[in-house]
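# Structural description and commentary
Residues per chain are reported as follows:
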Amino acid sequence: MSDAVQPTAAEVRAAAEAVKTALDRHLAAVERRSGEDDPAVYEAFNELAAAAEQYDELLYDRYDEVTPFEIPGTEDMPPYTGPEEPHALSVLIRRDYVVAEPRRLLAQAQRIEAAEEPADEVSGTVHGALGVLFGEYEPDEIASRHKEFGLEEGDSTLWVTATDDPPEPGEWLDSPFDQADAAQVVCRFDISAVFDDDPDDDPAPAPLP
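Every value quoted in this text rests on a predicted model; they were computed, and no experiment measured them.

In this structure, V30, L48, Y80, V160, V186, C187 and F189 are the most contacted members of the largest nonpolar core, which totals 16 residues. If you list the elements that add at least two residues to this core, you get helix 1 (9–31), helix 2 (39–63), strand 2 (151–163) and strand 3 (185–191). With five residues, the top contributor of residues to this core is helix 1. When near neighbours in sequence (up to four residues on either side) are disregarded, V186 contacts H26, L27, V30, Y80, L89, V160, T161 and A162.

Residues in a regular strand project their side chains so that they alternate between the two faces of the sheet. Extensive coverage of strand 3 is indicated by the burial of five of its seven residues. In this sheet, strand 3 lies alongside strand 2 in antiparallel orientation, the contact comprising six bridges. For W159, the partnering residue across the bridge sits in strand 3 and is R188.

Our next topic: the environment of P166. Structurally, P166 is set in the loop between strand 2 and strand 3. In this structure P166 comes out as exposed when scored by relative accessible area, which is 54%. Taking the C-alpha atoms as reference, P166 lies 5.3 Å from A88; in sequence the two are 78 residues apart.

What follows concerns the environment of S144. Note on placement: S144 falls in helix 5 (residues 139–144). Here S144 falls in the exposed class, since its relative accessible area comes to 57%. Separated by 77 residues in the primary sequence, S144 and T67 place their C-alpha atoms 9.9 Å from one another.

Reading the values: rules and limits
- Residues numbered from 1 in each chain as written.
- Predicted model: local features only at pLDDT ≥ 70, side-chain atom pairs only at ≥ 80, totals over all residues.
- Heavy atoms only, no water.
- Core = buried A, V, L, I, M, F, W, Y, C linked by side-chain atoms within 4.5 Å.
- Buried < 20%, exposed > 50% of the residue type's maximum accessible area, 1.4 Å probe, protein only.
- Helix = DSSP H or I, 4+ residues; strand = E, 2+ residues; numbered from the N terminus.
- Contact = heavy atoms within 4.5 Å.
- Pairing = 2+ DSSP bridges.

If you want it as structure tokens, here you go:
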């Protein structure tokens, strides 16, 4: 896209705010749902999908950057069986990486250690370097800077699940993902290379005469 027609930073920011608003409206619709096929939930889902798509497009046009979110179609999600009025939420995130450049990873970890006093000196192995890296940076920062650390992105997903009551402190720490239930998902965002080659995007064959 040429500079003359690029969206402004303010337009990108407004699109981001629209996603936040749509997310709140979707959750509110789910909390007030009147049944399994509540049209208000369906409408809020579509509004959220449209807002996320618009933000993604503007972000790319302005900054040549993309979001890690892909909103699946309703046919990919099991029927929601969670509470109609959730009192608690869990956000489950998985991001996969390939250690594409071990030397870069080791160098970054050693640089971090060199700045610490006293240095731990555990970065001589890949698993030690990963511990240093994730101990120093938040996961979102690693996701945005993964190439600097010698990592290559794989699939990722984010689930927002609803529950009736918040768990007790420390209740699930030994097995944090064992109780993940797709039927409790309020909204879900996926990204994968499989979406780049979706056969549904191919043109349909012409009918035979």
